[in-house]
Amino acid sequence: MNIEREAFHQLELAKQITEREYYSPSKAKESEYTRRLKEFRKKNPHWRRKRPPHRKLSHTKAMKCFEKCVRVQAKKERNTFRRRARLLKAAKDLGLSAFIKREEISQLVLEQKDSQQGNSFQLLSAADRIAMETPVIHWLLPGLIPAQDLTIIGGRPKVGKTRFAVAVAAAVLNGTSVLDLPAPSTQKPVILCSDDQADGDTCEMLSTLNLWEHSALSWSRHFRLNESDLDNLLDSIKANPGALVIIDSLRSISRCLRHGENDPEIGATLYDLKQAVTDAGGTLLLVHHCNKSNDLVGVEALSGHNAIAGAANGVLTMHYLEEKNGQPNKQAPQRRLVREARSGDGFDLVIDRDGPAGFKRVSDVGEWKQQQEEASNREKLTTLQQEVLTAVGTGEWMTRRDVCEAVGIEWTERGRTPECQRITRALQRLVQINVVESQRAGLESTFRFIASRENTKTVMTVMPPSHTNGFHGITQNDDSDDSDDKATPMSSVASVASNDVMTPESLQTQEGIVVITDSPVVEPAKKPKHRTQLAIDLKAA
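Values in this document were obtained by computation on a predicted structure and should not be read as measured data.

Asker: Could you give an account of the overall build of the protein, naming the residues involved and the relevant values?
Answerer: A count of helices and strands for the protein gives 18 helices and 18 strands. Within the span of the protein, comprising 541 residues, buried residues form 39% of the whole. Contacts spanning at least 24 positions in sequence make up 64% of the contacts within the protein whose residues lie at least 6 apart. Accessible surface for the protein amounts to roughly 32,100 Å². Of this, 50% is attributable to carbon and sulfur atoms.

This is the structure in structure tokens:
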């Protein structure tokens, strides 16, 4: 009570101080009020001025106040730990701890960050779109890495994701192409943080691509998701404008965090890292691990919470190719590379090592599987089937008779002998496994080896039957009741190389059907007459 009475007298004394003494014109000379107040606080260090009690807000006003706190903290506070602690204390002070969970706070922070980055509904009229500058996608590596955004490279341990990231760094530093994609227009510096592997492995990868002594490459052995390391990284980006920042890996740099990759808070952490790097003018390439499941590719293969993939513009996942039993083939040097992204087109490729550390494109996964299936089918061919495949390997259309003569089997009894039937079954097997293609030409089937399925177009070709020996006339001895020689509609399909030039003269009409033939033009075979009609014609003659 005596302390409060003395404080009251001090305040009464302050009323007697003139206004001139409150604000001294000289900074070195303090006012009389300030001097006396300091002396009073020295004598009474435990005295605090009583404040009026806080007025309890209604639930609606408390929620609005908390939403404002979330908006301010998401904008100003970059440190995830301090931001979460402040928001938890704000929820407690407002009496909302029983109604708001920690996961919901992280969700609110992510929503506010999306809103602050412009990822919210905003209606643009035609006049607004005309007045604004036309948005374009800026690429660091065209078709692969968009500039000033986050791209994730995922893969199982030891699959080669870090080596591929180093190959991307070489393309950015040297301005070269990667995976047959367009080369970048300008060269950019690279900042590499290899926290997930030993220094010797990093040196070996960089030296193989002649990057160890590259002047535009900056390297850090370690990196952690804390404020001091992030500040140092941002200073390095400002010193290297437009740099590509490669961090290996997310699981390694987040060891200092309380939450893991399976928690929703990891999404807010990635958004903060992405925003900090892009605001500084850099592009972020993050290496991450994938699940052990063999049937998942792309975004679904990434390990951890779905917010990890949501924070990135594009996701590149690298996988082992599968063996016949469905297990990963770890001995093969080829890898499967899948891209899913908002910017640019996705792809599903088979890539191979190009030299000690580079990569090259082999083919699409669909083409690769088809080639592997054809190779497997060819290994299962019998000796006779191999001989028949060699005979039709010239690329010319051949009849059964031509194939029999090429193999050395005599064509007798219109191909009804056991040897000729074996040739027929061998041809049917080759057609079944898509090694040889077949079509009907008049009354006879013709066969041709499929050299390549690339750049083909579908046309219809007419070939002479085998029993005419290249002539289009038929004799009375022809047996049209042969099971293999039944006439079919002239709509059989063949594949012809796309570089074949089709001319207007190659269009011919037969019974209302347009037939496209190669050059030189081969006249279509005349439709054979039935035996009854032949008998009538002979009697009339």
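And the narrative resumes.
Asker: So what about the packing of helix H8 (residues 161-174) against helix H9 (residues 199-208)? Which residues, and what values?
Answerer: In contact at an axis separation of 10 Å, H8 and H9 are set at 40° when each is read in the N-to-C sense. One finds that H8 runs oblique with respect to H9. H9 is crossed by H8, and the crossing has right-handed handedness. Contacts between H8 and H9 pair Thr162, Arg163 and Val166 from the former with Glu204, Met205 and Leu206 from the latter. Residue composition of the contact of H8 with H9, grouped by class: three nonpolar, one polar and two charged.

Asker: Quick one: what's the story with unusual backbone geometry, residue by residue and with numbers?
Answerer: In this structure, serine 249 follows aspartate 248 across a cis peptide bond, with omega equal to 0°. Inspection of the secondary structure puts serine 249 in the loop between strand S6 (244-248) and helix H11 (250-253). One non-glycine residue, leucine 179, lies in positive phi territory at about 60°. Here leucine 179 is to be found in the loop between H8 and strand S4 (190-194).

Asker: Report on empty space enclosed by the protein, specifying residues and quantitative values.
Answerer: Tallied over the full model, the rule gives three cavities of 30 Å³ or more. By volume, the largest cavity amounts to about 90 Å³. Lining of the largest cavity is provided by Thr80, Arg83, Arg84, Leu87, Arg102, Ile105, Ser106, Val109, Glu265 and Ala268. Grouping the constituent residues of the lining of the largest cavity by class yields four nonpolar, two polar and four charged.

Asker: Go over the pairing of strand S7 (residues 283-289), please, and point to the residues and values.
Answerer: Counting buried residues in S7 gives seven out of seven residues, a clear majority hidden from the surface. By the bridge criterion, six bridges tie strand S3 (residues 150-155) to S7 in an arrangement that is parallel. Residue pairing across strands places isoleucine 152 opposite leucine 286, the latter belonging to S7. Strand direction decides the pairing type here: S6 and S7, joined by five bridges, are parallel.

Asker: Give me the confidence of the model for the protein: which residues, what numbers.
Answerer: Residues with a pLDDT of 70 or more make up 76% of the protein, whose mean pLDDT is 79. Segment residues 453-531: pLDDT under 50, and 131 contacts once partners within four positions in sequence are set aside and those in other chains are kept.

Asker: So what's going on with helix H12 (residues 265-279)? Which residues, and what values?
Answerer: With 15 residues, H12 should reach 21 Å at 1.5 Å per residue; the first-to-last C-alpha distance of 21 Å fits that figure. Extensive coverage of H12 is indicated by the burial of 13 of its 15 residues. A positive backbone phi angle near 95° is found at glycine 281, which sits one or two residues after H12.

Asker: I'd like a rundown of the state of the cysteines, residues and numbers included.
Answerer: The final tally for this structure, using the stated rule, is zero disulfides. Unpaired in this structure, cysteine 404 has its nearest cysteine sulfur neighbour in cysteine 420, at a distance of 4.1 Å.

Asker: Can you lay out the environment of alanine 426 for me, pointing to particular residues and giving the numbers?
Answerer: Mapping alanine 426 onto the fold places it in helix H17 (residues 418-432). For the pair formed by alanine 426 and leucine 381, sequence separation is 45 residues and the distance between their alpha carbons is 9.2 Å. Not counting chain neighbours up to four residues away, the residues in contact with alanine 426 comprise Gln385 and Val388.

Asker: Outline the sheet that holds strand S13 (residues 436-441), listing residues and values.
Answerer: Strand order across the open sheet formed by three strands is S12-S14-S13, with antiparallel pairing between neighbours. Only two strands of the sheet have a single neighbouring strand rather than two, namely strand S12 (398-399) and S13.

Asker: An account of the pairing of strand S14 (residues 444-449) is requested, with residue identities and associated values reported.
Answerer: Most of S14 sits out of view: six of its six residues are buried. Hairpin geometry of S13 and S14 is characterised by an intervening segment of two residues between the two adjacent antiparallel strands and by a positive phi of about 70° at glycine 442.

Asker: Before we move on, could you go through the pattern of salt bridges and cite the residues and values that matter?
Answerer: Inspection of every chain in the model, using the stated rule, returns 18 salt bridges. One salt bridge in this structure joins glutamate 204 and arginine 163, with 3.7 Å as the shortest N-O distance. With a gap of 41 residues between them, glutamate 204 in helix H9 and arginine 163 in helix H8 connect regions that are remote in the sequence. The partner of arginine 336 in a salt bridge is aspartate 348, with the nearest N and O atoms 2.5 Å apart. Within this pair, whereas arginine 336 is found in strand S9 (residues 335-341), its partner aspartate 348 is found in strand S10 (residues 347-354), the two being separated by 12 residues in sequence. One connected set of salt bridges, linked through shared partners, spans Glu77, Arg82, Arg86 and Glu227.

Asker: Can you explain the nonpolar core? Please cite residues and give values.
Answerer: Judged by nonpolar contacts, the single largest core of 37 residues is most densely connected at Leu144, Phe164 and Val168. Counting only elements with at least two residues in this core, the list comes to strand S1 (139-141), H8, S4, H9, S6, S7, strand S8 (314-320) and S10. Looking at which element gives the most residues to this core, the answer is H8, with 10 residues. The contacts of valine 168, once residues within four sequence positions are left out, are Leu141, Leu144, Ile145, Leu244 and Leu285. Core analysis: the next-biggest nonpolar cluster, separate from the first, contains 34 residues, Cys193, Ile237, Ile247 and Ala301 among them.

Calculation criteria
- Residues numbered from 1 in each chain as written.
- Predicted model: local features only at pLDDT ≥ 70, side-chain atom pairs only at ≥ 80, totals over all residues.
- Heavy atoms only, no water.
- Helix = DSSP H or I, 4+ residues; strand = E, 2+ residues; numbered from the N terminus.
- Buried < 20%, exposed > 50% of the residue type's maximum accessible area, 1.4 Å probe, protein only.
- Contact = heavy atoms within 4.5 Å.
- Areas by Shrake-Rupley, 256 points an atom, 1.4 Å probe, with all protein chains shown as cover.
- Axes fitted to C-alpha atoms, helices over the stretch in contact; angles between N-to-C directions.
- Parallel < 35°, antiparallel > 145°, perpendicular 65-115°, else oblique.
- Left-handed = near helix turned anticlockwise from the far one by under 90°.
- Nonpolar A, V, L, I, M, F, W, Y, C, P; charged D, E, K, R; others polar.
- 1 Å grid on protein atoms, 1.4 Å probe; cavity = no way out; pocket = protein on both sides within 12 Å on 5 of 7 lines; lining within 4 Å.
- Points joined across faces, edges and corners; volume = space filled by probe spheres on them.
- Pairing = 2+ DSSP bridges.
- pLDDT = per-residue confidence, 0-100.
- Expected span 1.5 Å × (residues − 1).
- Disulfide = S-S within 2.5 Å.
- Salt bridge = Lys/Arg side-chain N within 4 Å of Asp/Glu carboxyl O.
- Core = buried A, V, L, I, M, F, W, Y, C linked by side-chain atoms within 4.5 Å.

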